[in-house]
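These are the residues of each chain, in order.
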Amino acid sequence: MVQKTVIPERKTLAEVAAAESRRLINDPNLLSMGIGLKFVKGKPRLSAALQYYVREKASSHDLEKLGTTMIPGEVGGYPTDVIQVEIFRTLACPPDNPPTGDRGSEIENPLVGGTSTTTLGSFHSFPTGYGTLGGICFDAVSGDAMALSNAHVYGDSLGAEGIQPWLPTNEYIGAAIAWLACGGPLTHLFFWTAPSAATTILDTAAAIAWLAASASDAEDPNRWGQRTTAVPPGGALTERETIRLDAEIPHLPFPGRTWKAKTKWEYTRIATSGSTTGTVDAERPNEHTLIGKRVFSDRPVYRGGDRVRICAEIWTPAREKVRELFVVAHLFPIANPSRITRRVLTENDVCKRLDDKLEKEQKPICIQGFTPQIQGVAQMLFPVVEAPFRLWSHPPSTVIDGTALGIPAGEAIYIAVPPCTNADLDVLHRGKRIHVRAISANGDVVAEATSADQPGVLQKLRLTGPEIIRLDLEGGGGDGVLASICTDKHRISADPWKAMSTYYSGTFDLPLQEPAGKWAAVVISQSMDMSLTGGDPISAARRLGGIVNSANIQEQGECTCTLLFDHTFDVR
C-alpha cells in the first residue's frame, strides 16, 4: 500500500534562493547563494536549506563595519546556512613532479610573442585570467629562457605551470556566470560540494563554447562577409569593415553539451565606391563535444604517501580520426575541496593495460529500497537523496512506501547516476509498460529500454552507453514501481556509437599524513588547435583551441546544477 506525501503550497527552494540573491545583490559580504542540505557542526542533515556564501561570518556588533545584514534562521519556510568561503592559491604541482604535455600548436613552436597564455596553477589565473605572451627573453646570469607577460596573466604563485594558447574570453566571462545563475549574477546553485576552481572553469567554458558556436566554428564572420558580398570595383579602396553579431543564448549553455545557438551576422564593407552589406541567419551547433568519457584509478583505496594513477578513456567521433586534446584531472578531498590538485594527463597505453587488469575487479554501485521522502528535500526537487544517486520528479509528488519508488501517473522520475556505462533497473507494473531512457553527459539519448507486458512481475531493464549520467523513467499508469538501481563502469566497445577511444594517464602522490576520507576526480578536456601555417583558413577556423569539450555539469530542475564527479576513491 503506497502513501502519497502531501506538500504544502509554497515557493520552491530555488525560487526563494533566487529572490534572496536579488534582495542582497549589493551586500558586499555575500559572494553567492546556493541550496543544499543543512549542515550542523560540519555534518549534513536530511533537510533542505538556503545557503549564503559569505566572505566573513560576523557577530551582530560587526555587521555595520562589514556593511552587511543579519541572515535570519529561516527564510521562506526553509532553514538557512551561512557558509564562510576561504579562497586559497595553490601550486599546480610539486616542483619535483611537474605536469607534462604539449599545450602549444605547431604554429607556435618555437614560441613567439603575441599568442594567448595563462597558468595552470592559480584559481584566479586559470582560466579566468589570461593575456598575451609578450615574448621570450633570457636570464642575464644563467642564460635560462624566460617568458615575459603581465602580473595579471601569471599571478604571483611560484611553481605554476605556464601554458599556451588560451582563447581570450573578455567580457563573456561575466555573462557566463549570469547565464548559469538563473536568478542573477550572485546566484550559483550547485547542490553538491565542489571546489570553486572547477566551477569557475566550467562557468567560463560555457561562455567560450557559446561564443565559438555563434561566431567562429562554421566560418569567421569577417571571412564569410568578404566571400559572400560584392567586391568593390577596380580602383576603389576598402576603408573599413564592420560586423554585427546577434546570438540567442541557449538555456544553460554548458560546455560539452549538445545544443544550438540562433545567430545573425551582418557584415558591412565601407569602400570609397560605397557600402555593401550581407546578412545571414543560422542556427549553429556546439561542435565541441565528446561522445563519452570514463575515468578510473589504479586502486579503489589508498593510504597516505601512496601514488595515485588517474586514467581517462575519452571517446571522440571516429570521423575526426586524429584529435589532439588537452586533458587535466582536478582532484580533491570531498570534505575539503579547497585542497585541489591538478595533473595534466598525457596520451599513452599505461591505462589501457591497467584497464585490462581492472576489468574483472569492477563492482557495481547499487541501491535497493529508498528512504521515504521528506518535505524540505521534495521542495528542492530532490524527493530522494540516496548518495551517490539523486532522484526527483515534476511536480515533486513522488510516491514512496519506504522500500520501492512509485512512478506518478502522467509524470516521470529522473535519476542522476554516477557517470557509468551500464545501468540495471528492477521495475514492476500492473498493466502499463515502463519506459526508460539513458542520457549521456553531452545531453544525448544513448539507450532506451521498455518493460514487457507482464503485470505484477519484477523485470530487469539494462541500458548501456557512453558516460550515462541520468535515467528518465515513465509509464506504469501510476502503479509502476522502481525496486532497485545498479550502475557500473565496465569497458564497452566504442563502435556502436561511431567513436574512437583514447587513453590518458597521470599520477600524483598523496601527503604522508593524508587523513582518511573520500576523494573526487573531475576530468576536463579541451580542444587544441594544430592548424598548419599556410593551411586552409576556413578549416583552421573549425579547429579552435582551448575550448572545453567535456561535459561536467548537469542541470537537475530549472535552476539547480550538479558538478559531476567523474570518479571517487578512498583514503584510509
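Structure shown above.
Attention in this report is confined to the structure presented alongside it. (Residues numbered from 1 in each chain as written. Predicted model: local features only at pLDDT ≥ 70, side-chain atom pairs only at ≥ 80, totals over all residues. Heavy atoms only, no water.)

### Description of the overall build of the protein
Working step 1: On a plain count of helices and strands, the protein comes out with 9 helices and 33 strands.
Working step 2: Buried positions account for 52% of the 572 residues belonging to the protein.
Working step 3: Of all intrachain contacts in the protein linking residues separated by at least 6 positions in sequence, the fraction that spans at least 24 positions is 72%.
Working step 4: Approximately 26200 Å² of the protein is accessible, and the part contributed by carbon and sulfur atoms is 52%. (Helix = DSSP H or I, 4+ residues; strand = E, 2+ residues; numbered from the N terminus. Buried < 20%, exposed > 50% of the residue type's maximum accessible area, 1.4 Å probe, protein only. Contact = heavy atoms within 4.5 Å. Areas by Shrake-Rupley, 256 points an atom, 1.4 Å probe, with all protein chains shown as cover.)

### Description of the pairing of strand E14 (residues 292-297)
Note on strand geometry: in a regular strand, side chains alternate between the two faces of the sheet.
Working step 1: E14 sits mainly inside the fold: 6 of its 6 residues count as buried.
Working step 2: Alternating positions in E14 separate into two faces, Gly292, Arg294 and Phe296 on one and Lys293, Val295 and Ser297 on the other, with burial throughout.
Working step 3: Bridging between E14 and strand E16 (residues 307-317) involves 6 bridges; their strand directions are antiparallel. Within E16, the position partnered with Gly292 by the bridge is Trp315. (Pairing = 2+ DSSP bridges.)

### Some words on the sheet that holds strand E30 (residues 517-527)
Working step 1: Reading across from one edge, E14-E16-E29-E18-E17-E30-E33-E15 is the order of the 8 strands in this open sheet, with mixed pairing throughout. Of all the strands in the sheet, just E14 and strand E15 (301-302) have a single pairing partner and so form its edges.
Working step 2: Of the strand pairs in this sheet, strand E17 (residues 325-333) and strand E18 (residues 341-347) are connected by 5 bridges, and their pairing is antiparallel. Across the sheet, the residue bridging to Val327 is Leu345, located in E18.
Working step 3: Set on the sheet, helix H7 (residues 350-358) makes contact with E14, E16 and strand E29 (499-509); between it and E16 the angle comes to about 100°. (Axes fitted to C-alpha atoms, helices over the stretch in contact; angles between N-to-C directions.)

### Section: the state of the cysteines
One covalent bond between the sulfur atoms of two cysteine residues makes up a disulfide.
Working step 1: Following the criterion strictly, the structure yields 2 disulfides and no others.
Working step 2: A sulfur-sulfur distance of 2.0 Å marks the disulfide that ties Cys311 to Cys351. An S-S torsion of about -75° defines the bridge between Cys311 and Cys351 as left-handed. Of the two residues, Cys311 sits in strand E16 while Cys351 sits in helix H7, which places them 40 residues apart along the sequence. (Disulfide = S-S within 2.5 Å.)

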